[in-house]
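Descriptive structure summary
Each chain, written out:
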Amino acid sequence: MAATKLKRQRVSDTQKTLPNKTCFQTELPDSSSRTAPDNDEDSASHSYSPRSADEFVDEHFIQNVSGVLDAASPLRRSDSIRAKRLAAKVFERLEALISSSPEAQLLGTTKKHGRKYANTVALIEVRQCLSEQNCAYWQLAQRTHTLHSTQINRRFAWGLTVCGTHVRACLFGNDDILASKVMGVATESGRKQFVTLLVNWAMCESQRLGYDSTVRYNGETSQWEIDVWDDESRVTHTYIHERTLFDISSQFGRRTRCFIASAKENSGEQPAPKVLIKDAWAPTEFPDSEVVRDELSNLRTIRDKLGADNALAGTYSHLEAGGVVQQMQTKQKTADDTTGSIFADIDAAVLEDVPARIHRRVATTPVGEQLKSVRSVDELIVVVSDVMAAHTAIVRRCGILHRDLSTNNIMFCRDDDGMVRGLLIDFDNAVLQSDLHDEQRPDQIGTFPYMSIGNLEQSSVKRTALDDWESLIYILVIQEHRDEALGRIKDA
């Protein structure tokens, strides 16, 4: 079976093939290489254990699936109704198989998390005619975006399109959709390929189905747990998910998520302090025309140089832990989570222009409120003053330029006495000033309504802190007019 790459800007069948390699296994795994389940007491609830055939595939599974497909041999190309029933039966069996596994709760398949798509392993899009293949791709992509938004432990997703009797399997990456060549279920060879794919899906580890082994649902506490690996201390910090602040806005790109969470291990009597966890797939390569951006490195620099300044405490994102997400390969072995590890078995020719990305997760404090929640003009002035004091210190003492001041990145914290303090967050677009050169064309970067004029016009003039100050003016103007319209802010 070969793979086809589908561009997100234009979904089309380019028929690029994978000689001798594929994103799906084309042969049943060798049973001798499978890892048997451990005898530990907690092995049944351990989300990292590789699956074994004895645990996850009943003895009649292959025969049952093969029987369903064999019954489809008389299918005609136009018989889309029977093709739909065929796909539904097979996938219903696969979902039931996976839902019955000891990992079911950890994959979100519980009644308490029974929102639409919460139990879905993969989606099927069925069309009547072969000519509707591209429509099926688009519809599948839209529904898969919902799948990503519903399941917080999703790294990537699989899907199937059924057009007539033609079946294709799709893998949704950050920048492209990879699709298999046609598996014609009206032919013996096509049915064999389809059965092989389903059996391998049923037998592989959860992370190969697209799930994140570092985001787990704890059935005993009815809570989600999120691991944050710290590259410096080489320690994993585990946090309890409280709510999702920002979910992924697009099927493609960085897929940034933000969660509010608290430390799992809390030795004190007081409630565990809250942290903001940011999860994103950052690019690892930048064109020569762009300045390299590394949010984690910037946060460490800011923490190390400003951490002892009590006057600035709480006015900028303070790094608690952060690093590359470590996915379990086996129970004892982890590896950096990258798009390269997801596409490891795919031929390099197909991935030639697919950007390489790395999965990073950071935990910062404090956790603030959105700027729109300020109660008066006086509070707004205090918040802005604190934020720009932090901004100035970061520019002068750390040599880092933020480059993305917006209403989303200026927040505030309110103490027990009702006093507010501004908070500058999100250093995703920040760069070292030393990396900005006169001969280099500046990036057009930031949040559109708040960009400086030079930024909007892509001026050749080097960006400075003045561009961020100009953004502040637009933030105040937009904030004031919006809040006056809502009648929430009144002049003193």
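Residues numbered from 1 in each chain as written. Predicted model: local features only at pLDDT ≥ 70, side-chain atom pairs only at ≥ 80, totals over all residues. Heavy atoms only, no water.

**Details of the overall build of the protein chain**
The following threshold applies: Secondary structure is summarised from DSSP: a helix means a run of H or I of at least four residues, a strand means a run of E of at least two, and numbering begins at the N terminus for each. Throughout, exposure labels follow a simple rule: accessible area from a 1.4 Å probe, protein chains only, divided by the maximum for the residue type, with under 20% read as buried, over 50% as exposed, and the rest as partly exposed. Any pair of residues with heavy atoms lying within 4.5 Å of one another is described as a contacting pair. For the accessible areas, the method is Shrake-Rupley and the probe is 1.4 Å, while residue cover comes only from the protein chains on display.
On a plain count of helices and strands, the protein chain comes out with 10 helices and 20 strands. Across the 492 residues that make up the protein chain, the buried fraction comes to 51%. The long-range fraction of contacts in the protein chain, counting pairs at least 24 apart against all pairs at least 6 apart in sequence, stands at 67%. In the structure as shown, the protein chain presents an accessible area of about 23,500 Å², 49% of it carried by carbon and sulfur atoms.

**Thoughts on the pattern of salt bridges**
Just so we agree on the cut-off: Each reported salt bridge corresponds to a side-chain nitrogen of Lys or Arg within 4 Å of a carboxyl oxygen of Asp or Glu.
According to the stated counting rule, one finds 20 salt bridges in the structure shown. Residue K278 is joined to E295 by a salt bridge in which the shortest nitrogen-to-oxygen separation is 3.1 Å. Of this pair, K278 sits in strand 11 (residues 274–283) while E295 sits in helix 6 (residues 295–306), and the two are 17 residues apart along the sequence. Both residues of the pair, K278 and E295, count as buried. With a shortest N-O distance of 2.8 Å, R397 and D309 are connected by a salt bridge. Taken together, the residues span a long stretch of sequence, with R397 in helix 8 (residues 377–398) and D309 in the loop between helix 6 and strand 12 (318–324) at a distance of 88 residues. With a relative accessible area of 40%, R397 lands in the partly exposed category. Counted as one network, the salt bridges with shared partners bring together E125, R127, E132 and R143.

**A closer look at the state of the cysteines**
Here is the rule: Pairs of cysteine sulfur atoms within 2.5 Å are identified as disulfides in what follows.
Applying the stated rule across the entire model yields 0 disulfides. C135 takes part in no disulfide bond, and the closest cysteine sulfur to it belongs to C163, at a distance of 8.7 Å.

**A look at the confidence of the model for the protein chain**
Rules: What pLDDT conveys is the predictor's confidence in a given residue, as a value from 0 to 100.
The share of residues in the protein chain with pLDDT of 70 or more is 72%, and the mean pLDDT across the chain is 77. Across the protein chain, element-level confidence peaks in strand 19 (residues 420–424) with a mean pLDDT of 98 and bottoms out in helix 1 (residues 53–56) with 35. With pLDDT under 50 throughout, residues 7–62 is counted as low confidence; its partners more than four residues away or in other chains account for 120 contacts. Throughout residues 100–115 the model reports pLDDT below 50, and contacts reaching past four residues in sequence, or to other chains, amount to 46 contacts.

**Let's talk about the sheet that holds strand 15 (residues 357–365)**
What counts, and what does not: For two strands to be treated as a pair, DSSP must find no fewer than two bridges joining them. Every axis in this analysis is a line fitted to C-alpha atoms, fitted for helices over the stretch in contact. Angles between the N-to-C directions lie between 0 and 180 degrees.
What the 7 strands build is an open sheet, ordered 7-8-9-10-11-15-12; its pairing is antiparallel. Each end of this open sheet is capped by a strand with a single partner; those strands are strand 7 (215–218) and strand 12. Recorded for the sheet is a direction-independent mean angle of 35° between the axes of neighbouring strands. Pairing analysis gives 6 bridges linking strand 8 (residues 223–230) to strand 9 (residues 235–246), with the strands arranged antiparallel. Bridging across to strand 9, E225 finds its partner in I240.

**Some remarks on the nonpolar core**
Note the cut-off: In these notes, a set of buried Ala, Val, Leu, Ile, Met, Phe, Trp, Tyr and Cys residues joined through side-chain atoms within 4.5 Å is what counts as a nonpolar core.
Counting 30 residues, the largest nonpolar core has I302, L306, V383 and I394 as the members making the most contacts within it. Broken down by secondary-structure element, the contributors of at least two residues to this core are helix 6, helix 8, strand 18 (410–414), strand 19 and helix 10 (465–486). Ignoring anything within four residues of it in the chain, the contact list for V383 reads L371, V374, I410, M411, F412, V420 and G422. Counting residues in each nonpolar core, the second largest holds 27 residues, with V167, A169, L178 and L351 among its members.

**Details of empty space enclosed by the protein**
Inclusion rule: Each cavity reported here is a set of points on a 1 Å grid over the protein atoms alone in which a 1.4 Å probe fits but cannot get out, each pocket an open set with protein on both sides within 12 Å along at least five of seven lines, and each lining residue one with an atom within 4 Å of a point. Grid points are joined across faces, edges and corners, and a volume is the space filled by probe spheres set on the points. Only Asp, Glu, Lys and Arg are considered charged in this grouping, and only Ala, Val, Leu, Ile, Met, Phe, Trp, Tyr, Cys and Pro are considered nonpolar; every other residue, Gly among them, is considered polar.
Summed over all chains, the structure comprises 5 cavities of 30 Å³ or more. By volume, the largest cavity amounts to about 180 Å³. Counting only elements with at least two residues in the lining of the largest cavity, the list comes to strand 11, helix 6 and strand 15. With 5 residues, the single largest contributor to the lining of the largest cavity is strand 11. Considering only residue class, the lining of the largest cavity consists of 6 nonpolar, no polar and 9 charged. As a volume, the second largest cavity reaches approximately 120 Å³. Looking at the second largest cavity, it is lined by 17 residues, and the ones nearest its centre are R403, I445, N455, D467 and D468. If you tally residues by element for the lining of the second largest cavity, the top one is helix 10, at 3 residues. Among the residues making up the lining of the second largest cavity, the classes are represented as 5 nonpolar, 6 polar and 6 charged.

**Some words on the packing of aromatic side chains**
The geometry of an aromatic ring pair is captured by two quantities: the separation of the ring centres and the angle between the planes. The line we're drawing: Within 6.5 Å between ring centres, the rings of Phe, Tyr and Trp (the latter by its six-membered ring) count as paired, and their orientation is classed by plane angle as stacked under 30 degrees, edge-to-face over 60, tilted in between. Only Lys NZ and Arg CZ are tested; either one counts as a charge over a ring when it is within 6 Å of the ring centre and within 35 degrees of the ring normal.
Applying the stated criterion across every chain yields a total of 2 aromatic pairs. The aromatic ring of Y211 is capped on one face by R154, whose charged end is 4.3 Å from the ring centroid.

**Digging into the environment of W229**
Rules: We call two N or O atoms a polar contact when they sit within 3.5 Å, provided that within protein one can donate a hydrogen and the other can accept it, with sequence-adjacent residues counted only if both atoms are side-chain atoms.
Mapping W229 onto the fold places it in strand 8. A relative accessible area of 17% places W229 in the buried class. Along the sequence, W229 and V362 sit 133 residues apart, while their C-alpha atoms lie 8.3 Å from each other. For W229, the contacting residues outside a window of four places in its chain are R234, V235, T236, G322, G323, V324 and Q326. A distance of 3.0 Å separates the side chain of W229 from the side chain of D231, its partner in a polar contact.

**So, the pairing of strand 5 (residues 176–180)**
Burial of strand 5 is extensive: 5 of the 5 residues sit out of reach of the surface. The two faces of strand 5 match: D176, L178 and S180 on one face and I177 and A179 on the other face are all buried. Here 3 bridges tie strand 4 (residues 166–172) to strand 5, and the two strands are oriented antiparallel to one another. Across the sheet, residue F172 finds its bridge partner in strand 5, namely I177. Between strand 4 and the antiparallel strand that follows it, strand 5, lie 3 residues.

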